[in-house]
Amino acid sequence: MIWDDLLPGAKKAIDEGGVAYRDVEADLVTQIVDGRNCAFTCYGPDGMCMCAFEKAYREGRIDFYKPISCHLYPVRLKEHPTFTAVNYHRWKICKCAETLGRAQGIRVYQFLKEPLIRRFGKEWYDELELTCNEYLKWKEEK
């Protein structure tokens, strides 16, 4: 359902190595194509980068949304016995988005509001937002 949306390099990478591999932390991660694109990256007519799963879902071609791990990226979750760690994965492939977010004053948790609520719920997100706001006020006062 999404194969025709994928970039030629992505199709080749998937054919040769599958959709995922184990990274240095032994996490299962999606193939990266040309050093910058997730294997499921596609581009709209306006050149805007998007997820092929999300595009197909929004167009009504599939009935499921992209996986939560993808929706949350660049945040990665690490399950522990008593809690779930929410970690920001910073690397060069996301540098442009990081620069744009900083210029526009958008923090990672704000950019990821929808997927964070999808995974943890609105109450959790509201508490995160309150905590971040309090921290930022405290930091300004110092």
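**Considering the overall build of the protein chain**
Line of reasoning, step 1. Across its full length, the protein chain carries seven helices and eight strands.
Line of reasoning, step 2. For the protein chain, the residues scored as buried account for 28% of the 142 residues in total.
Line of reasoning, step 3. For the protein chain, long-range pairs separated by at least 24 residues make up 38% of all intrachain contacts whose partners lie at least 6 apart in sequence.
Line of reasoning, step 4. As presented, the protein chain carries roughly 10,100 Å² of accessible surface, and 56% of it is formed by carbon and sulfur atoms.
Line of reasoning, step 5. When the 22 positive and 22 negative side-chain charges of the protein chain are each reduced to one mean point, those points stand 4 Å apart.

**Things to note about the packing of aromatic side chains**
Line of reasoning, step 1. Following the criterion strictly, the structure yields six aromatic pairs and no others.
Line of reasoning, step 2. Taken together, a centroid distance of 6.4 Å and an interplanar angle of 45 degrees make the contact between Y109 and Y125 tilted. With a gap of 16 residues between them, Y109 in helix α5 (residues 108–111) and Y125 in helix α7 (residues 122–141) connect regions that are remote in the sequence.
Line of reasoning, step 3. Site record: aromatic cluster; members linked through ring pairs are F40, F53 and F64.

**Brief notes about the confidence of the model for the protein chain**
Line of reasoning, step 1. Looking at the protein chain, pLDDT values average 91 and 100% of them are 70 or higher.
Line of reasoning, step 2. Confidence scores differ between elements of the protein chain, with strand β2 (residues 28–30) showing the lowest mean pLDDT of 86 and helix α6 (residues 113–120) the highest of 97.

**What about α7?**
Line of reasoning, step 1. For α7, spanning 20 residues, the distance from its first C-alpha to its last is 29 Å, which sits close to the expected 28 Å at 1.5 Å a residue.
Line of reasoning, step 2. Regarding α7, the residues found buried are Y125, C132 and L136. With its buried residues spanning 35 degrees around the axis, α7 presents them on a single face. Turned more than 90 degrees off the buried face of α7, the exposed positions are E123, E127, L130 and E141.
Line of reasoning, step 3. Where α7 is buried, its residues meet α5 and α6.

**Some thoughts on the pattern of salt bridges**
Line of reasoning, step 1. Using the criterion set out here, one finds 15 salt bridges in the structure.
Line of reasoning, step 2. Of the charged contacts in the structure, one is a salt bridge between E54 and R58, with a shortest N-O distance of 2.6 Å. Of the two residues, E54 and R58 are both situated in helix α2 (residues 52–58); the distance of four residues between them amounts to about one turn of the helix.
Line of reasoning, step 3. Salt bridges linked by common partners bring D5, K55, E59 and R61 together as one network.

**Structural notes on the nonpolar core**
Line of reasoning, step 1. One finds I2, L6, I14, V33, F40, A52 and F53 to be the most contacted residues of the largest nonpolar core, which totals 14 residues.
Line of reasoning, step 2. Every element with two or more residues in this core is listed here: α1 (8–17) and α2.
Line of reasoning, step 3. If near-sequence neighbours (up to four positions away) are discounted, I2 is found in contact with F40, A52, F53 and A56.

**With respect to the side chain of K55**
Line of reasoning, step 1. Within the secondary structure, K55 is located in helix α2.
Line of reasoning, step 2. In terms of polar contacts, K55 uses its side chain to reach the side chain of D5, at 3.4 Å.
Line of reasoning, step 3. When residues no more than four places from it in sequence are discounted, the contact partners of K55 are D5, C42, M50 and R61.

**A look at the pairing of strand β7 (residues 75–79)**
Line of reasoning, step 1. Sheet analysis places β7 next to strand β8 (residues 84–88), joined by five bridges and oriented antiparallel. Following the sheet pairing, L77 is matched in β8 by V86.
Line of reasoning, step 2. Where β7 folds back on β8, the antiparallel hairpin that results is connected by four residues.

Thresholds, definitions, all that
Residues numbered from 1 in each chain as written. Predicted model: local features only at pLDDT ≥ 70, side-chain atom pairs only at ≥ 80, totals over all residues. Heavy atoms only, no water. Helix = DSSP H or I, 4+ residues; strand = E, 2+ residues; numbered from the N terminus. Buried < 20%, exposed > 50% of the residue type's maximum accessible area, 1.4 Å probe, protein only. Contact = heavy atoms within 4.5 Å. Areas by Shrake-Rupley, 256 points an atom, 1.4 Å probe, with all protein chains shown as cover. Lys, Arg positive; Asp, Glu negative; His and termini not counted. Charge placed at Lys NZ, Arg CZ, Asp CG, Glu CD. Phe/Tyr/Trp six-rings, centres within 6.5 Å; stacked < 30°, edge-to-face > 60°. pLDDT = per-residue confidence, 0-100. Expected span 1.5 Å × (residues − 1). Arc of directions from axis to C-beta. Salt bridge = Lys/Arg side-chain N within 4 Å of Asp/Glu carboxyl O. Core = buried A, V, L, I, M, F, W, Y, C linked by side-chain atoms within 4.5 Å. Polar contact = N/O pair within 3.5 Å; in protein donor to acceptor, adjacent residues only side chain to side chain. Pairing = 2+ DSSP bridges.

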